[in-house]
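# Summary of structural features
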Amino acid sequence: MRAVVQTVSRASVTVDGEVVGAIADGLLVLVGVTHTDTPAAAETMARKVYELRILDDERSASEVGAPVLVVSQFTLYGDARKGRRPSWGGAAPAELAEPLVKSFAEALRARGATVETGRFRAHMLVESVNVGPCTILLDV
């Protein structure tokens, strides 16, 4: 499992003209799933994200109660090392990825996080205003 974590002053996801998830002063997390990921990986990633000390004064979302917007992002497993057209072979199929992204969001909620999400298998418009900017790549 791979995640790109960004500190944001605001972020939202719109699908078909409807805002399906939005936060202010929190973390935007783009999550990618690969073939070998498990629910345990989703739990570990949730802990790492929620306890990541990247907010002001080196505090974590768990310390300050910052909300989290979770957006599925299969392209995090794109491979463009050979040519200009990425291969998506490293990304898990939707049937495997969707339940793990949901498990990740639920694991965050179980830790006390306020979580908003995008919509799986939808064409999403993701808007964000990065703070810092601060962007961290995590792998589990």
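Calculation rules
- Residues numbered from 1 in each chain as written.
- Predicted model: local features only at pLDDT ≥ 70, side-chain atom pairs only at ≥ 80, totals over all residues.
- Heavy atoms only, no water.
- Helix = DSSP H or I, 4+ residues; strand = E, 2+ residues; numbered from the N terminus.
- Polar contact = N/O pair within 3.5 Å; in protein donor to acceptor, adjacent residues only side chain to side chain.
- Contact = heavy atoms within 4.5 Å.
- Core = buried A, V, L, I, M, F, W, Y, C linked by side-chain atoms within 4.5 Å.
- Buried < 20%, exposed > 50% of the residue type's maximum accessible area, 1.4 Å probe, protein only.
- Axes fitted to C-alpha atoms, helices over the stretch in contact; angles between N-to-C directions.
- Parallel < 35°, antiparallel > 145°, perpendicular 65-115°, else oblique.
- Left-handed = near helix turned anticlockwise from the far one by under 90°.
- Nonpolar A, V, L, I, M, F, W, Y, C, P; charged D, E, K, R; others polar.
- Pairing = 2+ DSSP bridges.
- Phe/Tyr/Trp six-rings, centres within 6.5 Å; stacked < 30°, edge-to-face > 60°.
- Salt bridge = Lys/Arg side-chain N within 4 Å of Asp/Glu carboxyl O.

## Considering the side chain of Gln 6
Looking at the element boundaries, Gln 6 is found in strand S1 (residues 2-15). Here Thr 135 takes part through its side chain, which lies 3.4 Å from a polar atom of the side chain of Gln 6. If sequence neighbours within four positions are ignored, Gln 6 has contacts with Gly 26, Leu 27, Leu 28, Ser 128, Asn 130, Cys 134 and Thr 135.

## Looking at the nonpolar core
Nonpolar side chains tend to gather and get buried jointly when the protein is soluble and globular. Ranked by size, the top nonpolar core spans 31 residues in total, and within it Val 5, Leu 27, Val 29, Val 49, Val 70, Phe 104 and Leu 108 carry the most contacts. Counting only elements with at least two residues in this core, the list comes to S1, strand S2 (18-32), helix H1 (39-51), strand S3 (68-72), helix H3 (94-110) and strand S5 (125-139). When residues in this core are grouped by element, the largest group, 7 residues, is from H3. Those residues in contact with Val 49 that lie beyond four places of it in its chain are Val 5, Leu 27, Val 29, Phe 104 and Leu 138. Counting residues in each nonpolar core, the second largest holds 12 residues, with Ala 11, Val 13, Ile 23 and Val 71 among its members.

## Some remarks on the packing of H1 against H3
Where H1 contacts H3, the two axes come as close as 8 Å, and the packing angle between them is 45 degrees. The orientation of H1 relative to H3 falls into the category oblique. The two elements H1 and H3 meet at a crossing, and its hand is right-handed. Facing H1, whose interface residues are Pro 39, Ala 42, Glu 43, Met 45, Ala 46, Val 49 and Tyr 50, H3 presents Leu 100, Ser 103, Phe 104, Ala 107 and Leu 108. For the contact of H1 with H3, a count of residues per class yields 10 nonpolar, 1 polar and 1 charged.

## Describing the sheet that holds S1
On the basis of which strands lie adjacent, the open sheet formed by 5 strands has the order S4-S3-S2-S1-S5 and mixed pairing. Edge positions in the sheet fall to strand S4 (115-117) and S5, since each has one partner strand and no second. In this sheet, neighbouring strand axes are inclined to one another by 35 degrees on average, regardless of whether the strands run parallel or antiparallel. Judged from the 13 bridges that link them, S1 and S2 form a sheet pairing that is antiparallel. The residue of S2 that forms the bridge with Arg 10 is Ala 24. Contacts from H1 reach S1, S2, S3 and S5, with the element oriented near 110 degrees to S5.

## Observations regarding the packing of aromatic side chains
Ring pairs (aromatic) are described by centroid distance and by the angle formed between their planes. Under the criterion given, the structure shown has 1 aromatic pair. Both rings, one in Phe 74 and one in Trp 88, keep their centres 5.3 Å apart while their planes meet at 75 degrees; by these two values the pair is edge-to-face. Of this pair, Phe 74 sits in the loop between S3 and H3 while Trp 88 sits in the loop between S3 and H3; the two residues are 14 residues apart in sequence, bridging distant segments of the chain.

## Section: the pairing of S3
In terms of burial, S3 is a largely internal element, 5 of the 5 residues being buried. Here S2 runs beside S3; their pairing, made up of 5 bridges, is parallel. Paired with Val 29 across the strands is Val 70, a residue of S3. Bridge count between S3 and S4: 3 bridges; the pairing is parallel. What sits directly across from Val 68, in S4, is Val 115.

## Digging into the pattern of salt bridges
Applying the stated criterion across every chain, the model contains 8 salt bridges. Residue Glu 63 is joined to Arg 53 by a salt bridge in which the shortest nitrogen-to-oxygen separation is 3.3 Å. Within this pair, whereas Glu 63 is found in helix H2 (residues 61-64), its partner Arg 53 is found in the loop between H1 and H2, the two being separated by 10 residues in sequence. By relative accessible area, Glu 63 is classed as partly exposed at 38%. Its salt-bridge partner being Glu 95, residue Arg 121 comes within 3.4 Å of it at the nearest N-O pair. Of this pair, Arg 121 sits in the loop between S4 and S5 while Glu 95 sits in helix H3; the two residues are 26 residues apart in sequence, bridging distant segments of the chain.

Geometry only, nothing functional implied.
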